[in-house]
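Below are the chains, spelled out letter by letter.
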Amino acid sequence: MDTMRWEDDALVLLDQTKLPAVVEYISCRDCDSVAGAIRSLQVRGAPAIGAAAAYGLVLGVRQAQPENRTEFLAAAEETARFLAATRPTAVNLAWALNRLLTRLRASDAADPQELTALLLAEAHAICGEDVAANKRMGNFGRELVPPGARILTHCNAGALATAGYGTALGVIRAAQEAGKHVSVYADETRPLLQGARLTAWEMVQEGIPVTVITDNMAGYLMARGMVDLVIVGADRIAANGDVANKIGTYGVAVLAKEHGLPFYVAAPVSTIDLSLDSGADIPIEERAPEEVTHLAGRPVAAPGVRVWNPAFDVTPARLVTAIITDRGVARPPYRESLKRL
Ligand SMILES: CSC[C@H]1O[C@H](OP(=O)(O)O)[C@H](O)[C@@H]1O
């Protein structure tokens, strides 16, 4: 199942808000459609929104119809700023846009059509490299997974969160492919249920046994000795190894520590932001109250309540056993090990 593909000069996205009940693709022919898809989580997951934004930049510059290199560069920079503002936490969004702008500035081409082709080629490269990186990450990570491991994961860091194969779920896929016969516990992951709706769906498609639990069951599951390790994804990793990931990840990490379980983070190096000293510097997206007060469009909270809805939290490095990347496994002290990747 493709998360996204470029077809007939449009970005075709699997609408993840409709999964698992409906498998439906949307065709984005302009930058606003891509921005809307990122904001509404029709496409989501750090690497996936980076790749989608790259294609959104191509669409946006084309819409501007620049007549020369100067106009092209100006349109590209304005479009990149617009797309970068859609979701602040996942560093892959800014990383992908900056990669295209850097490629553009390094080129001496002047013809707008040639420059557009160059940006599109870079967007394609980001997608292709992401799948290859996830498979390398899977190979590094599967060495940490014992045969028969019962793995808890949170949210969705799978093929749907990337250009394919997945990060945390990529490690799980690689372990399964290596004959380790793993099983998965998927936190449903309130409020948008990426675990129940997306991770469980991916695991069922793969034939990997998956049990959905509500987020508040993770502690008791561990206390009953039913979990061997935890693997999650990441949206941004600071220089000291603090990890921003879906809200609820921090609680899972504390529980894993309490129960003496390995807590692994799987992320490509494009998710590591060495410009940020610690997790305190990571911008945390806050989302609409309705995501908490409503479920499938029906109210589940009393009218008039206040809501706090941070989409991510920060897990301190001291709770992270290892960071599995496409360039190897980093272990504490992360300030040194992340720089060596
Ligand atoms: C492989 S990155 C996946 C990462 O992104 C998710 O957030 P969202 O669904 O809001 O885009 C979640 O934090 C996952 O771990």
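Procedures and definitions
Residues numbered from 1 in each chain as written. Predicted model: local features only at pLDDT ≥ 70, side-chain atom pairs only at ≥ 80, totals over all residues. Heavy atoms only, no water. Near = heavy atom within 4 Å. Polar contact = N/O pair within 3.5 Å; in protein donor to acceptor, adjacent residues only side chain to side chain. Areas by Shrake-Rupley, 256 points an atom, 1.4 Å probe, with all protein chains shown as cover. Helix = DSSP H or I, 4+ residues; strand = E, 2+ residues; numbered from the N terminus. Nonpolar A, V, L, I, M, F, W, Y, C, P; charged D, E, K, R; others polar. Domains from an automatic or database assignment. Buried < 20%, exposed > 50% of the residue type's maximum accessible area, 1.4 Å probe, protein only. Pairing = 2+ DSSP bridges. UniProt positions renumbered as here; feature names shortened; annotations may be inferred. Contact = heavy atoms within 4.5 Å. Buried area = accessible area lost by both parts, 1.4 Å probe. Salt bridge = Lys/Arg side-chain N within 4 Å of Asp/Glu carboxyl O.

Peer 1: Explain the site of the ligand to me, and be specific about the residues and the numbers.
Peer 2: Near the ligand there are 18 residues, and of these Arg44, Arg87, Asp235, Asn245 and Lys246 occur at the shortest range. Between the ligand and the protein, one listed contact pairs an oxygen atom with a side-chain N or O atom of Arg44 at 2.8 Å. For the ligand, an oxygen atom lies 2.8 Å from a polar atom in the backbone of Gly45. In isolation the ligand exposes 400 Å². Once the protein is present, 100% of that is buried. Contributing elements (two or more residues each) for the shell around the ligand: helix 2 (46–64) and strand 9 (243–246). Each residue belonging to the shell around the ligand can be placed in one class, and the counts come to eight nonpolar, six polar and four charged. When we break the shell around the ligand down by domain, the ones giving at least three residues each are domain 1 (4–134) and domain 2 (138–340).

Peer 1: Please set out the pairing of strand 15 (residues 322–325) residue by residue, giving values where relevant.
Peer 2: With burial as the criterion, each face of strand 15 is covered, one bearing Ala322 and Ile324 and the other bearing Ile323 and Thr325. In terms of strand pairing, strand 10 (residues 263–266) meets strand 15 through three bridges, oriented parallel. Bridge pairing links Ala266 to Ile324 in strand 15. With three bridges connecting them, strand 15 and strand 16 (residues 328–330) associate as antiparallel partners. Directly across from Ile324, in strand 16, lies its bridge partner Val329. Where strand 15 folds back on strand 16, the antiparallel hairpin that results is connected by two residues.

Peer 1: Could you give an account of the UniProt feature "binding site: substrate" (unreviewed entry) in the protein chain, naming the residues involved and the relevant values?
Peer 2: Cross-referencing UniProt, the feature "binding site: substrate" (unreviewed entry) maps to Arg44, Gly45, Ala46, Arg87, Gln194, Asn245 and Lys246 in the present numbering. With respect to the secondary-structure elements, Gly45 resides in the loop between helix 1 (31–39) and helix 2. Looking at where Asn245 falls in the secondary structure, it is placed in strand 9. If we ignore the near neighbours within four places in the chain, the residues touching Asn245 are Val232, Gly233, Ala234, Asp235, Ala311, Phe312 and Asp313.

Peer 1: Describe the domain arrangement of the protein chain, listing the residues and the values that go with them.
Peer 2: When its domains are assigned, the protein chain resolves into domain 1 (4–134) and domain 2 (138–340). A straight line from the C-alpha centre of domain 1 to that of domain 2 covers 25 Å. Counting residues at the interface gives 26 residues for domain 1 and 34 residues for domain 2. Between domain 1 and domain 2, roughly 2400 Å² of surface is buried when both sides are summed, and carbon and sulfur atoms account for 56% of that area. Area buried by domain 1 at its contact with domain 2 is led by Arg44, Thr89 and Asn134, which between them contribute 28% of it. Our enumeration of links across domain 1 and domain 2 arrives at one salt bridge. Of the charged contacts in the structure, one is a salt bridge between Arg87 and Glu285, with a shortest N-O distance of 2.9 Å. Linking domain 1 with domain 2 are 18 residue pairs in polar contact (both at pLDDT 80 or more). Put simply, the parts of the chain that give the side of domain 1 that touches domain 2 at least two residues each are helix 2, helix 4 (91–106) and helix 5 (112–142). The biggest single contributor to the side of domain 1 that touches domain 2 is helix 5, with five residues.

Peer 1: So, the UniProt feature "active site" (unreviewed entry) in the protein chain: which residues are in play, and what are the values?
Peer 2: Per the UniProt record, the feature "active site" (unreviewed entry) sits at Asp235. Here Asp235 shows up in the loop between strand 7 (229–232) and strand 8 (236–238). Setting aside its immediate chain neighbours within four residues, Asp235 contacts Ala46, Thr89, Ala90, Val91, Asn92, Ala244, Asn245, Lys246, Thr271 and Phe312.

Peer 1: Explain the sheet that holds strand 14 (residues 312–315) to me, using residue names and the numbers behind them.
Peer 2: Taken in spatial order, the four strands line up as 11-8-9-14 in an open sheet, and their pairing is mixed. Among the strands making up the open sheet, the edge pair consists of strand 11 (272–273) and strand 14. Inspection of the sheet shows strand 8 paired to strand 9 by two bridges, in the antiparallel sense. Bridge pairing links Ile237 to Val243 in strand 9.

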